[in-house]
Amino acid sequence: MVDAVVEPILEVSGLVKHYPLTQGILIKKQIGAVKAVDGVDFTLDKGETLGIVGESGCGKSTVAKMLVNLERPTAGSIKYKGEDITRLGGRALKAVRRNIQMVFQDPYTSLNPRMTVGDIIGEPYEIHPEAAPKGDRRRRVQELLDVVGLNPEYINRYPHQFSGGQRQRIGIARGLALRPEVIVADEPVSALDVSVQAQVINLLDRLQNDFDLSYVFIAHDLSIVRHISDRVGVMYLGRIVEIGKDEEIYDHPTHPYTQALLSAVPVPDPEARERRERIILSGDVPSPTNIPSGCRFRTRCWKAQERCALEVPMLAVPAEFRLAPGPAAHDSACHFAEEKRVVPPDDLGNRGA
Ligand SMILES: Nc1ncnc2c1ncn2[C@@H]1O[C@H](COP(=O)(O)OP(=O)(O)OP(=O)(O)O)[C@@H](O)[C@H]1O
Ligand code: SF4
Ligand SMILES: [Mg+2]
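Residues numbered from 1 in each chain as written. Chains lettered and ligands numbered in written order. Predicted model: local features only at pLDDT ≥ 70, side-chain atom pairs only at ≥ 80, totals over all residues.

Engineer: Explain the overall build of the protein here, please?
Structural biologist: Secondary structure assignment for the protein yields 12 helices and 11 strands. With respect to the principal axes defined by its C-alpha atoms, the protein has extents near 65 × 60 × 55 Å. (Helix = DSSP H or I, 4+ residues; strand = E, 2+ residues; numbered from the N terminus.)

Structure below.
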């Protein structure tokens with residue numbers, strides 16, 4: 001029997017967000033653009049978690065905002081179950097938005113301090129009244145509090161009466177209120193203590209099973225997403241430079257930038273730390289208003305050659321691995337991709353377990 005081809009729940013192609021840079025007060029003239037996202041492609045399957053990782057300013061939040069329609073792309077498409085949502089408007093867009101919800105990074109600033117927890121979690125019902133009849137909302141909110149591990153009797157409390165981890169649980173409950181299929185979590189644990197990070201990641205893991213959710217999980221540290229991700233995409237200066245399954249990225253990275261990021265992740269065991277190779281990148285990340293020609297990573301890459309300045313490397317399985325099936329044969333945007341294990345196996349990323 002031939003397996004049915006399952007369509008991805010999200011399919012992102014050529015996604016671009018350029019913010020115009022203008023000069024002049026009365027007559028504004030465009031003098032350039034901040035290329036926050038500059039051609040991103042990925043798919044998300046149903047029930048899957050895709051981790052997106054990269055340094056500050058590489059465009060992760062901008063991708064997240066476009067996925068939930070808080071920003072409109074400059075170019076490209078975002079297909080939800082085959083339909084390009086960037087072209088939708090009105091009622092059709094509203095219906096789709098219900099199914100793709102966001103959990104924000106900072107639970108201290110993303111919750112309105114003057115609203116009760118019940119009003120915060122129930123707020124999506126004001127925008128989508130069809131999701132829950134008015135008389136039923138309080139009970140639903142209490143259920144959601146219970147689902148995220150908070151006491152349902154806290155419904156009338158205010159955000160300041162909760163710890164950081166509890167506030168993030170409130171943010172997650174709000175994200176779940178409309179029973180979405182996709183959750184875009186933008187650094188949901190970055191503002192939390194390490195001990196609390198693991199609890200929140202475990203909660204997200206459990207909710208994924210209970211509610212059949214698909215996640216785009218954004219982080220700036222590769223070790224945070226390992227436990228929860230099925231696949232990981234590494235972003236640099238507005239683009240994904242390497243993407244693959246968990247094992248492919250962590251144990252068989254082929255892009256120099258991924259290798260450098262992996263060499264910097266915290267390794268708890270001192271002996272393993274000794275064995276790990278450190279790769280120190282030279283220079284700063286270039287400005288997204290002035291992206292280097294050819295390979296955008298070349299100004300910091302220790303392997304850069306002339307070709308790197310002339311030709312943009314495509315995100316695809318590099319030619320040298322195409323005929324050799326195995327974990328190194330995954331998408332990597334490098335002209336000179338080669339396998340390099342940076343961290344010894346099993347020394348990495350068991351923090352959330
Ligand atoms: N509204 C805006 N106008 C102009 N530039 C913007 C705007 N929003 C973001 N940028 C710029 O776009 C780039 C990408 O920003 P973004 O917030 O997506 O990065 P990020 O990867 O989420 O970073 P962080 O890890 O710090 O959250 C940055 O250079 C940022 O300054
Ligand atoms: S294409 Fe060249 S500059 Fe870019 S990552 Fe590969 S070796 Fe480095
Ligand atoms: Mg961000």
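Engineer: Looking at this model, I keep getting lost on helix α3 (residues 117–127). Mind explaining?
Structural biologist: Three- or four-residue spacings in an α-helix give side chains the same orientation, since the helix completes a turn every 3.6 residues. Taken together, the buried positions of α3 are occupied by V117, I120, I121, G122 and P124. On its buried face, α3 sits against α4 (137–147) and α5 (164–176). (Buried ≥ 20, exposed ≤ 12 C-beta atoms within 10 Å, placed from the backbone. Contact = placed C-beta atoms within 7 Å.)

Engineer: Got a minute to help me understand the site of ligand 2 in this structure?
Structural biologist: Contacts to ligand 2 come from P256, C295, F297, R298, C301, K303, A304, C308, P313, C334, H335 and F336. Of the residues in the shell around ligand 2, the class split is 9 nonpolar, 1 polar and 2 charged. (Near = placed C-beta within 6 Å. Nonpolar A, V, L, I, M, F, W, Y, C, P; charged D, E, K, R; others polar.)

Engineer: So what exactly am I meant to see when it comes to the packing of α5 against helix α6 (residues 194–211) here?
Structural biologist: Packing of α5 against α6 leaves a shortest axis separation of 10 Å and a crossing angle of 20°. In this view, α5 runs roughly parallel relative to α6, as classed from their interaxial angle. Handedness of the crossing formed by α5 with α6: right-handed. Residues G164, G165, Q168, R169, I172 and L176 of α5 form the contact with α6, whose participating residues are V196, Q199, V200, L203, L207 and F211. A breakdown of the residues in the contact of α5 with α6 according to their chemical character gives 7 nonpolar, 4 polar and 1 charged. (Axes fitted to C-alpha atoms, helices over the stretch in contact; angles between N-to-C directions. Parallel < 35°, antiparallel > 145°, perpendicular 65-115°, else oblique. Left-handed = near helix turned anticlockwise from the far one by under 90°.)

Engineer: Can you help me understand the pairing of strand β4 (residues 75–80) in this one?
Structural biologist: In regular strands, side chains alternate between the two faces of the sheet. In terms of strand pairing, strand β1 (residues 10–23) meets β4 through 5 bridges, oriented antiparallel. Residue pairing across strands places V16 opposite A75, the latter belonging to β4. Count of turn residues in the β4/strand β5 (residues 83–84) antiparallel hairpin: 2 residues, of which K81 carries a positive phi of about 50°. (Pairing = 2+ DSSP bridges.)

Engineer: It is not clear to me how the sheet that holds strand β9 (residues 231–236) should be interpreted in this structure. Could you clarify?
Structural biologist: As a general point, the strands of a sheet are linked pairwise by backbone hydrogen bonds and lie either parallel or antiparallel. Taken together, the 7 strands give an open sheet; going across it, the order is β6-β7-β8-β3-β9-β10-β11, and neighbouring strands pair in mixed fashion. Each end of this open sheet is capped by a strand with a single partner; those strands are β6 (100–103) and β11 (331–332). Taken together, the 2 bridges between strand β10 (residues 239–245) and β11 define a ladder with antiparallel strand orientation. Bridge assignment links I243 to a residue of β11, and that residue is D331. Against the sheet, helix α9 (residues 256–263) contacts β9 and β10, and its axis sits at roughly 105° relative to β9.

Engineer: Explain the site of ligand 1 here, please?
Structural biologist: What surrounds ligand 1 is a group of 13 residues, the closest being Y19, A36, S56, S61 and T62. The set of elements that each furnish at least two residues to the shell around ligand 1 consists of β2 (29–44) and α1 (60–67). Counting residues per element, the shell around ligand 1 draws most heavily on α1, at 3 residues. Among the residues forming the shell around ligand 1, the class breakdown is 5 nonpolar, 7 polar and 1 charged.

Engineer: In this structure, what is going on with the sheet that holds β5? I would like to understand it.
Structural biologist: Pairing within the open sheet is antiparallel, and its 4 strands lie in the order β2-β1-β4-β5. Either end of the sheet is taken by a strand with one partner, and the two such strands are β2 and β5.

Engineer: How do you make sense of the nonpolar core when you look at a structure like this?
Structural biologist: For soluble globular proteins, nonpolar side chains are generally found buried alongside one another. A173, V216 and V234 are the most contacted members of the largest nonpolar core, which has 80 residues in total. Not counting residues within four places of it along the chain, the set of residues in contact with A173 comprises I121, L144, L145, V147 and V148. (Core = buried A, V, L, I, M, F, W, Y, C linked by C-beta atoms within 7 Å.)

Engineer: Hey, could you run me through the packing of α3 against α5 in this one?
Structural biologist: Relative orientation and spacing of two packed helices are given, respectively, by the angle between their axes and the distance between those axes. Close contact between α3 and α5 brings their axes to 7 Å; oriented N to C, the two are set at 30°. On the basis of the axis angle, α3 is roughly parallel to α5. Helix-helix and strand crossings are classified by hand; for α3 and α5 the assignment is right-handed. Only I170, A173 and R174 of α5 make contact with α3, whose side of the interface consists of V117, I120, I121, E123 and P124. Among the residues forming the contact of α3 with α5, the class breakdown is 6 nonpolar, no polar and 2 charged.

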